[in-house]
Amino acid sequence: MTKIKKTLIIITAGLFFLGSVFLYLRSGSDDHEEDTELTERAYRNEDFGYGMNYPSGWDIREKRSLSYFHSALEENDLLATTIDLSTYEEVFGIDLVGSSPLTYIDGSVDYNIEQSVYLNKNDFSAKQWYNIAALAEAHSIRKISGAELIAMSNEVVQRGSISDQKEKVFDPWISRGDLIRIQGKEVLKTTQIGDHRYAGYQHYITPVDDYIFVFRFGYGGAITPREMWQRSDRHVREMIGSLKVF
């Protein structure tokens with residue numbers, strides 16, 4: 001074996017060893033961070049009879065003012081004839097506020113995840129509840145007529161969703177969304193166009209017993225790196241997974 005070949009073998013073995021050590025240390029650091037960050041605390045709401053876990057070290061603040069899921073639902077006489085629109089009026093809400101270290105750079109990032117509670121008065125699925133809101137929005141900006149609003153809302157009630165050929169009701173404000181399952185719960189995951197603070201907002205809508213729970217957080221923007229979306233997404237999924245009505 002030539003001297004050059006021996007040298008190459010030694011260098012390759014050395015690089016492999018160093019790479020293995022780096023991956024091991026990084027893996028150990030990530031596991032420690034997860035254990036520290038995701039230590040759970042229990043939240044229990046006696047007034048509305050539900051509870052869930054949330055990350056240790058976070059604060060829970062009760063909302064001072066409640067609102068409709070979408071302003072177009074507040075006064076829509078056409079829909080009110082067949083659907084109890086008070087199901088879109090928030091009956092309770094909290095802000096979950098926390099701070100977590102960034103993954104690749106020094107510093108920390110603040111989180112603000114909103115949880116809103118609505119009464120599921122029409123016994124809707126997540127998609128039905130959300131699609132009616134999409135129709136109200138489309139009608140409010142005159143993308144569909146009053147006759148289309150009634151016909152399509154009846155379709156949602158009867159079929160459970162809006163047919164594909166009528167997708168024009170969706171827009172950047174209220175996307176079509178994707179159905180997922182978290183710990184056996186049906187969840188509709190959707191996005192909303194952003195504002196001066198965030199590039200966009202993520203919604204998770206899930207019906208549990210007599211309630212509709214909506215989790216919402218902002219992502220993107222100048223001061224919110226990708227890690228913020230990843231961790232907020234993980235936190236929300238874990239909170240939904242632990243969500244129980246008693």
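Only a predicted model underlies this, so the values are computations on that prediction, with no experimental measurement involved.

Basis of the calculations
Residues numbered from 1 in each chain as written. Predicted model: local features only at pLDDT ≥ 70, side-chain atom pairs only at ≥ 80, totals over all residues. Heavy atoms only, no water. Salt bridge = Lys/Arg side-chain N within 4 Å of Asp/Glu carboxyl O. Helix = DSSP H or I, 4+ residues; strand = E, 2+ residues; numbered from the N terminus. Buried < 20%, exposed > 50% of the residue type's maximum accessible area, 1.4 Å probe, protein only. Pairing = 2+ DSSP bridges. Expected span 1.5 Å × (residues − 1). Arc of directions from axis to C-beta. Contact = heavy atoms within 4.5 Å. Core = buried A, V, L, I, M, F, W, Y, C linked by side-chain atoms within 4.5 Å.

Turning our eyes to something else, we now look at the pattern of salt bridges. All chains considered together, the criterion is met by seven salt bridges. Glu 155 is the salt-bridge partner of Arg 159, the closest N and O atoms lying 3.6 Å from each other. With Arg 159 and Glu 155 both in helix α4 (residues 146–159) and four residues apart, this pair spans about one turn of that helix. Classification of Arg 159 by relative accessible area gives exposed; the value is 51%. Given the relative accessible area of 13%, Glu 155 is considered buried. Across the pair Arg 237 and Asp 233 runs a salt bridge, and its minimum N-O distance is 3.0 Å.

Time to look at the sheet that holds strand β2 (residues 50–55). Sheets are built from strands paired through backbone hydrogen bonds, the pairs being either parallel or antiparallel. Within the open sheet, the three strands sit side by side as β1-β2-β10. Their pairing is antiparallel. Across the chains shown, the open sheet's two edge strands, defined by having one partner strand only, are β1 (40–45) and β10 (244–245). Alignment of β2 against β10, held across two bridges, turns out to be antiparallel. Note that in β10 the partner of Tyr 50 across the bridge is Val 245.

With that settled, consider α4. Between the first and last C-alpha of α4 there are 20 Å, a value that for 14 residues agrees with the 20 Å anticipated at 1.5 Å per step. Three or more residues of α4 are buried, namely Leu 149, Met 152, Ser 153, Glu 155 and Val 156. The buried residues of α4 all sit within an arc of 155 degrees when viewed along its axis, so they share a single face. Set apart from the buried face of α4 by more than 90 degrees, the exposed residues are Ala 147 and Gln 158. Buried residues belonging to α4 abut α2 (77–80) and α3 (126–140). Gly 160, located one to two residues past α4, shows a positive phi value of around 100 degrees.

This next bit is on the environment of Tyr 198. Tracing the backbone through its elements, the reader meets Tyr 198 in the loop between β7 (185–193) and β8 (200–208). For Tyr 198 and Gly 218, which are 20 residues apart along the polypeptide, the C-alpha to C-alpha distance reads 5.6 Å.

Looking at soluble globular proteins, one finds that nonpolar side chains tend to be buried together. In this structure, Phe 69, Tyr 88, Trp 129, Ile 132, Leu 135, Val 169 and Ile 205 are the most contacted members of the largest nonpolar core, which totals 30 residues. Mapped by element, the contributors of at least two residues to this core are α3, α4 and β9 (211–219). A per-element tally of this core places α3 first, with nine residues. Residue contacts for Trp 129: discarding those within four places in its chain leaves Phe 69, Thr 87, Tyr 88, Tyr 118, Phe 124, Ile 205, Ile 212 and Val 214.

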